[in-house]
Amino acid sequence: MATDFLFPKIADCSYVSCYCEENVWKLCEQVQRTRPEELSKCYAVFVSNEGRTVPLWRQKAGRGDDQVVIWDYHVFFMHNPLPNRCLVYDLDTTLPFPTYFHKYVTETFRSDLALRPEHHRFFRVIPADTYLIEFSSDRRHMRRPDGSWIKPPPSYPPILSNTNMHCLGDFICMSAGKGPGAVYSLSEFVQYFYKSPHVAAQHNK
């Protein structure tokens, strides 16, 4: 793997456990500030489904040898600079940072074929520049009814857009035609973003 990464060290990235949507927003912001020419090739990717029960493997919060966990949703960052080069930056995975798209998807999501339909994963893919403008969260989803925090929030102020005080639900929603970006099934997601070296070579001719 080449070493020209957008984020050379995971330790240099902003990270707070259980705030993956904000962690990815901060990665987008970092690219905008340090590598603006690459921003159009970057994406924030939300993973969820209608029941908000999505199994992921190779997660730091996972259990057992396979490190599997069921999230209500998860968010990771993608950089797709070339047809046959797509890198995933997931701050919560036990896989390398970054990991090539095919390896990440294969080990993290495996296949929907062995899962019940209610556990099938869907992906909302949002261009990084859109995510920076439209994402807005007052962190209400991380508060208990008495107002206390389920998990401690980041030390910086909540990320709020100019148009919406809290729109996290629009990003987690996997209904096509609603919310920013595009929604894919697992197979559609792989087909769209994974190009084998042979296919990429044909494409570039």
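Keep in mind it's a predicted model, so treat the numbers as computed, not measured.

Rules behind the numbers
Per-chain numbering applies: the sequence of each chain, read as written, is numbered from 1 onward. This being a predicted model, a pLDDT of at least 70 is required before a residue's local features are given, and a value of 80 or more before pairs of side-chain atoms are given or counted; all residues contribute to the totals for chains, interfaces and linings. The side-chain figures draw on all heavy atoms in the structure; neither hydrogens nor water molecules are used. Per the convention used, a helix needs a DSSP run of H or I reaching at least four residues, while a strand needs a run of E reaching at least two, with both numbered from the N terminus. The atom set for the radius of gyration is the C-alpha atoms, and the globule formula is 2.2 Å times the number of residues raised to the power 0.38. Between buried and exposed lies partly exposed: a residue is buried under 20% and exposed over 50% of the maximum accessible area for its type, with that area taken using a 1.4 Å probe on protein chains only. Contacts: residue pairs with any heavy atoms within 4.5 Å of one another. A 1.4 Å probe and the Shrake-Rupley method give the accessible areas. Residues count as covered only by the protein chains that appear here. None of His or the chain ends enter the tally, which takes Lys and Arg as positive and Asp and Glu as negative. A charged residue contributes its charge at one atom only: NZ of Lys, CZ of Arg, CG of Asp or CD of Glu. Throughout, nonpolar core names a set of buried Ala, Val, Leu, Ile, Met, Phe, Trp, Tyr and Cys residues whose side chains join them through atoms within 4.5 Å. Only centres within 6.5 Å qualify two rings of Phe, Tyr or Trp (six-membered ring in Trp) as a pair; their planes then separate them into stacked at under 30 degrees, edge-to-face at over 60, and tilted for everything else. A positively charged side chain is recorded as over a ring if its NZ (Lys) or CZ (Arg) lies within 6 Å of the ring centre. The angle to the ring normal must also be within 35 degrees.

**Considering the overall build of the protein**
- Scanning the protein for helices and strands turns up 6 helices and 8 strands.
- Ordered by position from N to C terminus, the α and β elements of the protein give α-β-β-β-β-β-β-α-β-α-α-β-α-α.
- For 205 residues, the compact-globule estimate of 2.2 N^0.38 gives 17 Å, and the protein sits close to it at 17 Å.
- Dimensions along the principal axes, computed over C-alpha positions, put the protein at roughly 60 × 40 × 35 Å.
- Burial analysis of the protein (205 residues in total) assigns 45% to the buried set.
- When contacts within the protein are restricted to residue pairs at least 6 apart in sequence, long-range pairs at least 24 apart make up 69% of them.
- For the protein, the exposed area adds up to about 10700 Å²; of that, 53% sits on carbon and sulfur atoms.
- Treating the 23 positive side-chain charges of the protein as one cloud and the 22 negative ones as another, the clouds have centres 3 Å apart.

**Considering the environment of M142**
- By the secondary structure assignment, M142 is in the loop between helix 3 (128-134) and helix 4 (168-172).
- As a C-alpha pair, M142 and L39 span 103 residues in sequence and 29 Å in three-dimensional space.
- Those residues within four positions of M142 in sequence are excluded, and the remaining contacts are C18, Y19, S148, W149, I150 and K151.

**Describing the nonpolar core**
- In this structure, F7, F46, F77, Y89 and Y131 are the most contacted members of the largest nonpolar core, which totals 33 residues.
- Within the residue set of this core, elements represented by two or more residues are helix 1 (20-34), strand 1 (42-48), strand 4 (74-82), strand 5 (85-89), helix 3 and helix 4.
- The leading source of residues in this core is helix 1, at 6 residues.
- What Y131 contacts, discounting residues up to four positions off in sequence, is E21, V24, W25, C28, A44, F46, I126 and F171.
- Formed by 20 residues, the second largest nonpolar core is a distinct cluster that contains C86, V105, L186 and F189.

**Examining the packing of aromatic side chains**
- Under the criterion given, the structure shown has 23 aromatic pairs.
- Each ring, one from F109 and one from F123, has its centre 5.0 Å from the other, and the planes form 90 degrees; the classification is edge-to-face. Of this pair, F109 sits in the loop between helix 2 (101-108) and strand 7 (122-127) while F123 sits in strand 7, and the two are 14 residues apart along the sequence. Like F109, the residue F123 is buried in the burial classification.
- For the pair Y192 and F193, a centre-to-centre distance of 4.9 Å together with 70 degrees between the ring planes defines the contact as edge-to-face.
- Three or more aromatic residues joined by ring pairs make a cluster, and in this case those are Y43, F76, F101, Y104, F109, F123, Y184, F189, Y192 and F193.
- A cation sits over an aromatic face here: K26 above Y156, 4.2 Å from the ring centre.
- Over the aromatic face of W149 sits the side chain of R143, whose NZ or CZ is 3.7 Å from the ring centroid.

**Side note on unusual backbone geometry**
- In this model, F97 is joined to P98 through a cis peptide bond whose omega is 0 degrees.
- Although it is not a glycine, R110 sits at a positive phi angle of roughly 55 degrees.
- Taking the relative accessible area as the measure of exposure, R110 reaches 39% and is therefore partly exposed.
- Phi at R139 is positive, roughly 70 degrees, even though this residue is not glycine.
- Tracing the backbone shows R139 in the loop between helix 3 and helix 4.
- You can call R139 buried: its relative accessible area is 4%.

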